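As a plain string of letters, each chain reads:
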Amino acid sequence: GAVVSQHPSRVICKSGTSVKIECRSLDFQATTMFWYRQFPKQSLMLMATSNEGSKATYEQGVEKDKFLINHASLTLSTLTVTSAHPEDSSFYICSAREIGGQGAYGANVLTFGAGSRLTVL
Amino acid sequence: GDSVTQMEGPVTLSEEAFLTINCTYTATGYPSLFWYVQYPGEGLQLLLKATKADDKGSNKGFEATYRKETTSFHLEKGSVQVSDSAVYFCALSVPLNNNDMRFGAGTRLTVKP
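Keep in mind that what you see is a predicted model, and the values were worked out from it rather than measured.

Procedures and definitions
Residues numbered from 1 in each chain as written. Chains lettered and ligands numbered in written order. Predicted model: local features only at pLDDT ≥ 70, side-chain atom pairs only at ≥ 80, totals over all residues. Heavy atoms only, no water. Core = buried A, V, L, I, M, F, W, Y, C linked by side-chain atoms within 4.5 Å. Buried < 20%, exposed > 50% of the residue type's maximum accessible area, 1.4 Å probe, protein only. Helix = DSSP H or I, 4+ residues; strand = E, 2+ residues; numbered from the N terminus. Pairing = 2+ DSSP bridges. Axes fitted to C-alpha atoms, helices over the stretch in contact; angles between N-to-C directions. Contact = heavy atoms within 4.5 Å. Buried area = accessible area lost by both parts, 1.4 Å probe. Salt bridge = Lys/Arg side-chain N within 4 Å of Asp/Glu carboxyl O. Disulfide = S-S within 2.5 Å.

This part covers the nonpolar core. Ranked by size, the top nonpolar core spans 28 residues in total, and within it Trp35, Leu47, Leu48, Phe73, Leu75 and Tyr88 of chain B carry the most contacts. Elements represented by at least two residues in this core include exactly strand E2 (11–14), strand E3 (19–21), strand E4 (23–26), strand E5 (32–38), strand E6 (44–50), strand E8 (62–65), strand E10 (86–94) and strand E12 (107–112) of chain B. Here this core gets five residues from one element, more than from any other, and that element is E10 of chain B. Counting residues in each nonpolar core, the second largest holds 25 residues, with Val4, Ala30, Ala48 and Leu79 of chain A among its members.

Right, dumping it as structure tokens:
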């Protein structure tokens, strides 16, 4: 089945540094990937929609200059948290929608990565 | 706008108890409905899905029926196991809205032996 790999799974960084998180679709192509942020014991908050070959679409209230998204190929999207601060500490999750995918559940099913826990000291 | 409301947790049950987690939705158009499960420290996994009214999604003993008349998609399992302990998210996607996904707040289930 469809698999999305997210790396790193955990990262600790110092305040002011930048951190890059990768999201890869391993066995399918995805023109669209999504980035979410999840606070402890809360639901997923959609941050942005990453479109291959074009600019990401950010949700209201998400700083595009702080959370840089690059969707360089049909299998890779990256999220870079620039000049990270402790309040950026969170669990970041990506998901991908397979191009023309059907699988067992149809084309509009999202496959999620395992998430990346960012801790900014 | 499109949204999902699900039963607040946490829910604590004994092994082999019956589980119901309520989920209702508001949507324009005809949404697809999903239940995702998140185990500790992991991302989300699709548990089951239904794409139209009266469809029943089922997987691993879990079931949910798409009820258009009550705009609901309640998750049920007849006999829970300790391994079912996780957070469960109800979600919808609306084709008219670019298939954007909207998630409920999540319900944490703990099953005790």
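The next point concerns the sheet that holds strand E9 (residues 75–77) of chain B. The strands that make up a sheet are held in pairs by hydrogen bonds between backbone atoms, and each pair lies either parallel or antiparallel. All names here are of chain B. Sheet architecture is open: four strands sit in the order E3-E9-E8-E7, paired in antiparallel fashion. At either margin of the open sheet sits one strand with a lone partner, and together these are E3 and strand E7 (56–59). Averaged over all pairs of adjacent strands, the angle between strand axes in this sheet comes to 15°, irrespective of strand direction. As paired elements, E7 and E8 share four bridges and run antiparallel to each other. Of the residues in E8, the one forming a bridge with Asn59 is Phe62.

In this section: the interface of chain B and chain A. Many authors give the size of an interface as the accessible area that is lost as the parts come together. Between chain B and chain A, the contact holds 23 residues from the first and 21 residues from the second. Carbon and sulfur atoms make up 53% of the area that chain B and chain A hide from each other, which totals about 1,600 Å². Three residues, Leu44, Lys49 and Phe103 of chain B, lead the burial of chain B against chain A; their summed loss comes to 27% of the area buried on that side. At the junction of chain B and chain A, the tally comes to zero salt bridges.

All names here are of chain B. Burial of strand E1 (residues 3–6) is one-sided: the residues Val4 and Gln6 facing one way are buried, the residues Ser3 and Thr5 facing the other way are not. Relative to E4, E1 runs antiparallel, the two being bridged by four bridges. Looking at E4, one finds that Thr5 is bridged to Thr24.

To continue, consider the state of the cysteines. Defined simply, a disulfide is a covalent bond joining two cysteines at their sulfur atoms. All names here are of chain A. All told, the structure shown has two disulfides over all chains when counted by the stated rule. Across the disulfide, Cys23 is cross-linked to Cys94 (sulfur-sulfur distance 2.0 Å). Here Cys23 and Cys94 share a disulfide; its torsion about the S-S bond, 85°, makes the bridge right-handed. Within this pair, whereas Cys23 is found in strand E3 (residues 19–25), its partner Cys94 is found in strand E9 (residues 90–97), the two being separated by 71 residues in sequence. Side by side, Cys23 and Cys94 carry an identical accessibility label, which is buried. With no disulfide of its own, Cys13 lies 18 Å from the sulfur of Cys94, the closest cysteine sulfur. Taking the relative accessible area as the measure of exposure, Cys13 reaches 9% and is therefore buried.

What follows covers the sheet that holds E3 of chain A. Residue and element names in this part refer to chain A. One open sheet holds the four strands; their spatial order is E1-E3-E8-E7, and the pairing between them is antiparallel. Both edges of this open sheet fall to strand E1 (4–7) and strand E7 (67–73), since each of them pairs with a single strand only. Neighbouring strand axes in the sheet, compared pairwise and without regard to direction, differ in orientation by 15° on average. Strand direction decides the pairing type here: E3 and strand E8 (residues 76–81), joined by six bridges, are antiparallel. Along E8, the bridge assignment pairs Lys20 with Thr80.

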